[in-house]
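# Descriptive analysis of the structure
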Amino acid sequence: MRCRVAIVGAGPAGLLLAHLLDAAGIESVLIERQSAEHVASRIRAGILESGTVDLLRRAGLGDRLDEEGMEHRGIYLQWPGERHHLDFVNLAGRSVWVYGQTEVTKDLMAARRRAEQAAYYNASDVEVHDADTERPSVTFIDEAGDAQRIKAEIVAGCDGYHGPSKQAVPQAVRHTWERNYPFAWLGILADVAPSSNELIYAWHPDGFALHSMRSHSVGRFYLQVAPDEDIAEWSDDRIWHNLATRFALDGWKLDTGTITEKSVLPMRSFVTTPMRRGRLFLAGDAAHIVPPTGAKGLNLAVADVALLSRAIADLLLRKDSRAADAYCETALNRVWRCTHFSWWMTTMLHRHGDDFDAELQLSQLRRIVDSPSAATELAQNYAGLPIPLSTLD
Ligand SMILES: Cc1cc2nc3c(=O)[nH]c(=O)nc-3n(C[C@H](O)[C@H](O)[C@H](O)COP(=O)(O)OP(=O)(O)OC[C@H]3O[C@@H](n4cnc5c(N)ncnc54)[C@H](O)[C@@H]3O)c2cc1C
């Protein structure tokens, strides 16, 4: 089978790239390892930068987001005895939105079905070939057990941290940077109305805690735990008790509800370059991972594919390779900014090191709420840089 663009991975990066290419009249084929049901039900990120929201709206994907999403002016920062609000709208001129990655994915999958373009789910043994040539291809076994080969003009590797696309970049030219943090997040979803109107990032001697939400009736909470934490050791009572302790504040109460999902999420920073090899382009988690403290992973994937959609359109429709040639360097500027911000938020808020480190963390937190310039720096990074031009511009 032949197509213009073969996209490996149907997470948010792959699905959005397919949608933006379709908007420019470029056909693509999606190849995904998991079933469509599995992809649509994965619980992951939930905070969208305003630039991401604008892009989704302009791409015709804003209806449910506008109806069900929750616009937040900022976040709360907390440490024992104190909770302070940072107003991003006042500080940086931009808000953020709570709208789960699950919902973004469902909207994108519905758009893909409407576009009536090919998508292979349950694909196995996926491999990228001949990235260095004008005719790269992707081979895989489809769900019926038949061997398939998609011959394309471009291959987009949107297959996440564990996907095969980056292996098609020869080891000799690959450079990777990685940091594994000495802690993890125990994340839960619970059927309970949020006890706060906006997210609470809490520093606590027992470890970091985050009060997030997915809707007006579903809360999302995280606790800092050990990287090798055994989730079986965490009863629902123990989780609620720890959350109540870490969020404790006079005159405020944490509401509890039925826990519907529990998982332990490792904390890692990872960047691999180059993000382009010949006719293969990497985007999203395939090229970089950030710890979720800065809420950047999904937004970074969106920024990559906005940029990539335009580069591919220029290359295929106008024979103009300038944006494609600049893709890696342009994308990496934002990747490293978000990598730094996510590392900074993570190291400031999680307990690690000794009491000296704890005092430095508390001093930094006080500085943010006391100094407008320090608060603005956090707000501008959290609310996000402008999203690059895409096929919609
Ligand atoms: C478990 C988990 C929890 C997370 N939680 C949060 C959070 O709470 N907050 C936050 O801000 N961010 C979170 N993130 C980060 C955020 O969800 C990601 O940054 C975002 O999903 C990136 O989108 P992507 O499309 O680049 O990658 P992914 O969403 O990983 O999509 C990649 C796709 O490629 C597919 N794939 C993999 N291997 C193959 C293969 N061999 N062949 C074909 N397809 C393949 C995968 O099945 C997947 O559908 C989380 C990530 C993970 C992995």
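Here, every reference points to the structure presented above.
Residues numbered from 1 in each chain as written. Predicted model: local features only at pLDDT ≥ 70, side-chain atom pairs only at ≥ 80, totals over all residues. Heavy atoms only, no water.

Scanning the entire structure with this criterion turns up zero disulfides. Here Cys158 is not cross-linked by a disulfide; its sulfur's nearest cysteine counterpart is in Cys3, at 13 Å. Its relative accessible area of 6% is what places Cys158 among the buried residues. Here Cys338 stays free of any disulfide, with the sulfur of Cys328 as its closest cysteine sulfur at 15 Å. For Cys338, a relative accessible area of 5% gives the class buried. (Disulfide = S-S within 2.5 Å. Buried < 20%, exposed > 50% of the residue type's maximum accessible area, 1.4 Å probe, protein only.)

Along helix α3 (residues 50-58), the residues that are buried comprise Ser50, Gly51, Thr52, Val53, Leu55 and Leu56. Positive phi appears at Gly60, one or two residues downstream of α3, with a value of about 80°. (Helix = DSSP H or I, 4+ residues; strand = E, 2+ residues; numbered from the N terminus.)

What follows concerns the nonpolar core. Generally speaking, soluble globular proteins have nonpolar side chains that are buried together. Of all hydrophobic cores here, the largest spans 76 residues; its most connected members are Ile7, Leu16, Leu17, Ile31, Leu48 and Val138. The dominant element in this core, judged by the number of residues it contributes, is helix α8 (residues 297-318), at 14 residues. Residues Ala92, Met213, Ala295 and Ile368 belong to the second largest nonpolar core, which totals 37 residues. (Core = buried A, V, L, I, M, F, W, Y, C linked by side-chain atoms within 4.5 Å.)

A sheet is described by the order of its strands in space; here eight strands give the open sequence β6-β5-β14-β15-β16-β13-β17-β20, paired in mixed fashion. Each having just a single partner strand, β6 (82-87) and β20 (288-289) make up the two edges of the open sheet. Across seven bridges, strand β13 (residues 175-191) lies against strand β16 (residues 219-225) in antiparallel orientation. Considered in β16, the bridge of Ile188 is made with Phe221. Packing of helix α7 (residues 236-246) onto the sheet brings it into contact with β5 (74-79), β13, β14 (200-202), β15 (209-213), β16 and β17 (258-273), and relative to β16 it is tilted by some 85°. (Pairing = 2+ DSSP bridges. Contact = heavy atoms within 4.5 Å. Axes fitted to C-alpha atoms, helices over the stretch in contact; angles between N-to-C directions.)

So, on to the packing of helix α10 (residues 355-370) against helix α11 (residues 372-383). In contact at an axis separation of 5 Å, α10 and α11 are set at 100° when each is read in the N-to-C sense. Relative to α11, the element α10 is oriented roughly perpendicular. Along the contact surface, α10 presents Arg367, Ile368 and Asp370, while α11 presents Pro372, Ser373, Ala374, Ala375 and Leu378. Split into classes, the residues belonging to the contact of α10 with α11 amount to five nonpolar, one polar and two charged. (Parallel < 35°, antiparallel > 145°, perpendicular 65-115°, else oblique. Nonpolar A, V, L, I, M, F, W, Y, C, P; charged D, E, K, R; others polar.)

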